[in-house]
Amino acid sequence: GPPSVFVYSSDKDKRHPTQKPVGMLSSVIECFVSANSRILSPFLGSGNTIIAAHKIKCLAFGFDLSSVYKDSYVLAVEDMFAAGLQNKKEKDIFK
């Protein structure tokens, strides 16, 4: 089963006050779903849940009522695409 405690360092590049490390989010997601699952992030914040889901080959969707962090998660996802984790067609979803 999944571990009862996850220990990870916090991200150096904090874009959101409650931001979780991508590695930790990937580990948590993998405990509950398999590749090609769909992940919903109803509190998008920094965008790290979307990035973590894509890293483990899941399709992720997210939204946030606050527009305060929109630029932050758009930049985070664009950085993910720049790193070659997704193709351009999928990148256009975030425009």
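Up top is the structure these notes are about.
Residues numbered from 1 in each chain as written. Predicted model: local features only at pLDDT ≥ 70, side-chain atom pairs only at ≥ 80, totals over all residues. Heavy atoms only, no water.

## Concerning the overall build of the chain
Helices and strands together make up the secondary structure of the chain, namely 4 helices and 2 strands. For the chain, the succession of helices and strands along the chain, N to C, is α-β-α-β-α-α. Considering only residue pairs separated by 6 or more positions, the chain has 42% of its internal contacts joining residues 24 or more positions apart. Only carbon and sulfur atoms are counted for the fraction: they give 58% of the accessible area of the chain, which is about 6400 Å². (Helix = DSSP H or I, 4+ residues; strand = E, 2+ residues; numbered from the N terminus. Contact = heavy atoms within 4.5 Å. Areas by Shrake-Rupley, 256 points an atom, 1.4 Å probe, with all protein chains shown as cover.)

## A word on the environment of Ile50
Its place among the elements puts Ile50 in helix α2 (residues 48–55). Judged by relative accessible area, which is 3%, Ile50 ranks as buried. (Buried < 20%, exposed > 50% of the residue type's maximum accessible area, 1.4 Å probe, protein only.)

## Concerning the side chain of Ser72
Residue placement: Ser72 occurs in helix α3 (residues 70–82). For Ser72, a relative accessible area of 13% corresponds to the buried category.

## A word on the packing of helix α1 (residues 22–32) against α2
One way to put it is that α1 packs onto α2 with a least axis distance of 8 Å and a crossing angle of 60°. Classified by the interaxial angle, the pair formed by α1 and α2 is oblique. Of the two possible hands of crossing, α1 and α2 adopt the one that is right-handed. Contact residues: α1 offers Val22, Leu25, Ser26 and Ile29, while α2 offers Asn48, Thr49, Ile51, Ala52, Ala53 and Lys55. Taken together, the residues of the contact of α1 with α2 break down into 6 nonpolar, 3 polar and 1 charged. (Axes fitted to C-alpha atoms, helices over the stretch in contact; angles between N-to-C directions. Parallel < 35°, antiparallel > 145°, perpendicular 65-115°, else oblique. Left-handed = near helix turned anticlockwise from the far one by under 90°. Nonpolar A, V, L, I, M, F, W, Y, C, P; charged D, E, K, R; others polar.)

## Comments concerning a nonpolar patch on the surface
A cluster of nonpolar side chains, Leu40, Leu59, Phe61 and Phe63, forms an exposed patch at the surface whose accessible area comes to about 390 Å². If you trace the backbone, Leu59 turns up in strand β2 (residues 59–62). Relative accessible area serves as the criterion here: at 37%, Leu59 is assigned to the partly exposed category. (Patch = residues over 30% accessible without salt bridge, like charges linked within 9 Å, V, L, I, M, F, W, Y side chains within 5 Å. Salt bridge = Lys/Arg side-chain N within 4 Å of Asp/Glu carboxyl O.)

## Describing the nonpolar core
Ranked by size, the top nonpolar core spans 19 residues in total, and within it Ile29, Ile39 and Ala53 carry the most contacts. For this core, the secondary-structure elements that each account for two or more residues are α1, α2 and α3. No other element matches the 6 residues that α3 contributes to this core. Apart from residues lying up to four places away in sequence, Ile29 is in contact with Ile39, Thr49, Ala52, Ala53 and Ile56. (Core = buried A, V, L, I, M, F, W, Y, C linked by side-chain atoms within 4.5 Å.)

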